[in-house]
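Reading the structure
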Amino acid sequence: MRSLKAMGSRVLITIMCWVVSSNSFAQSFISTSTIPVSNDAKALVEKRTGDTKFERIEINLSLINQEDFIVSFLSNEIKLRKRKLDNRGQRNFSLFAQEGRLNRMIISVLNEDIQGYIFYDLKTYIIGTFHGEHVIYRVNNAEYPSDCGAGSQKTIPHKKDTAINNSIIDPLEHKKRLYKGTYPQQDPWEYECKLRILVMYTTAAKNETSNIENTIRLSIDALNESLENSGVSLEAELVHTFETSYSEATDDGKLDLDRFIRPSDGFMDTIHSLRKRYSADYSVLFLKDGTDLCGVAGAIK
């Protein structure tokens, strides 16, 4: 009888230990730092499109292989589950995590530079590296251009668009206009190959970021996240990045875009040979001052 009680006690202790450990598995991946943002970093943050809500954070990269972790920032706390880890090399990776459908995080790491997005409670937060400090701030959507490039956008209709089904637009002609690039022409909702993205950036744009290569990588990650969230069967891949010595036109992003598009005009003409060399489907220009551009594109001949 005495031995039975002892056995029962051991079993009970074992179960209790398991319960405690199972409730304490989630560790803090992002937490508010006890060190305030320095004045130099604060000056850079306040130049960005955001509001006054920002703080310095600590990021525990040793937890990237954990399945679950906690993210705490600006009086918010989220328990996230890792969805994907894209490992590109030593200290060169992207981490994707989420909770439910709307709360998501993307972190891109390149050496000592860390950049990312957190989408939580219908708000967008940006993580950046400023003078070696990791800072998170909330995006103020009210500061985006109200027209967002209106008037310069061209809509490509969905193949199930009523206008196409009613033969107002010839479906064959519609397919001819879709994504003429490296791969055989396909409707984007049936695309099976990756979209090859080539990025050119100005020196001014590079100097505006902590690490332009990581900024570009994060942009590709965010694009793929948006495509997946929208249920679109497309995936983009970055094939090449290139710095141009082109000097941006003052407060005229549309002129910069026009010069980017036109061949043999003496401005950024290298982009056309690079497109062929890397079989790029899309070419993107990163500018420092492109605030008048949002959702604007054009066809490179």
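Re the sheet that holds strand S7 (residues 113-120)
Strand order around the closed barrel formed by 9 strands is S1-S2-S9-S8-S7-S6-S5-S4-S3, with mixed pairing between neighbours. Adjacent strand axes in the sheet meet at a mean angle of 25°, parallel and antiparallel pairs treated alike.

As for the packing of aromatic side chains
Enumeration according to the criterion identifies 5 aromatic pairs in this entry. Seen from their ring centres, Tyr-246 and Phe-267 are 6.0 Å apart, and the 85° between their planes marks the pair as edge-to-face. In this pair, Tyr-246 sits in the loop between strand S11 (236-244) and helix H7 (253-261) while Phe-267 sits in the loop between H7 and helix H8 (270-277), placing the two residues 21 residues apart along the sequence. With a relative accessible area of 9%, Tyr-246 lands in the buried category. By relative accessible area, which is 31% here, Phe-267 ends up partly exposed. Through a chain of ring-to-ring contacts, the aromatic side chains of Phe-73, Tyr-120 and Tyr-125 assemble into a single cluster. Here the guanidinium or amino end of Lys-84 rests over the ring plane of Phe-96, the centre of that ring lying 4.6 Å away. The ring centre of Phe-267 lies 4.1 Å from the NZ or CZ of Arg-259, which sits over that ring.

With respect to the pairing of strand S2 (residues 54-59)
Of all 6 residues that make up S2, 5 are buried, and the element is covered over most of its length. Strand direction decides the pairing type here: S2 and strand S9 (residues 133-138), joined by 3 bridges, are antiparallel. Following the sheet pairing, Phe-54 is matched in S9 by Tyr-137.

Things to note about the confidence of the model for the protein chain
With 69% of its residues at a pLDDT of at least 70, the protein chain reaches an overall mean of 78. Low pLDDT (under 50) marks residues 1-24, which in the prediction has 0 contacts with non-local residues, meaning those over four places away or in another chain. Note that residues 149-186 has pLDDT below 50 and, in this model, 53 contacts with residues that lie over four places away or in other chains.

Considering the sheet that holds strand S12 (residues 282-286)
If you trace the 3 strands from one edge of the open sheet to the other, you get S11-S10-S12, paired in parallel fashion. Bordering the open sheet on either side are S11 and S12, each of which pairs with just one other strand. For this sheet, the mean angle separating the axes of adjacent strands, direction not counted, is 25°. Examined bridge by bridge, strand S10 (residues 195-202) and S12 share 5 bridges and lie parallel to one another. If you follow Ile-197 over to S12, its bridge partner there is Tyr-282. Sheet contacts for H8: S10, S11 and S12; angle to S10, the most-contacted strand, approximately 155°.

About the criteria used
Starting afresh in each chain, residues are numbered from 1 along the sequence in its written order. For this predicted model, a pLDDT threshold of at least 70 governs which residues receive local features, and a threshold of 80 or more governs which side-chain atom pairs are given and counted, while totals over whole chains, interfaces and linings are taken from all residues. Heavy atoms from the whole structure form the basis of all side-chain values; hydrogens and water molecules are not counted. In short, DSSP must find at least two bridges between two strands for them to pair. Strands are runs of DSSP state E lasting at least 2 residues, helices are runs of H or I lasting at least 4, and numbering of each runs from the N terminus. Note on geometry: axes are lines fitted to C-alpha atoms, helical ones only across the stretch in contact, with angles between N-to-C directions running from 0 to 180 degrees. In summary, the pairing rule links any two rings of Phe, Tyr or Trp, Trp by its six-membered ring, whose centres are within 6.5 Å, and it sorts them by plane angle into stacked for under 30 degrees, edge-to-face for over 60 and tilted for everything else. Categorising residues by exposure relies on relative accessible area from a 1.4 Å probe, with only protein chains included: less than 20% of the type maximum marks a residue as buried, more than 50% marks it as exposed, and the intermediate range marks it as partly exposed. In this scheme, Lys NZ or Arg CZ marks a charge over a ring once it lies within 6 Å of the ring centre and within 35 degrees of the ring normal. As a per-residue quantity, pLDDT reports the predictor's confidence and falls between 0 and 100. Residue contacts follow a heavy-atom distance rule, with two residues in contact if any of their heavy atoms lie within 4.5 Å.

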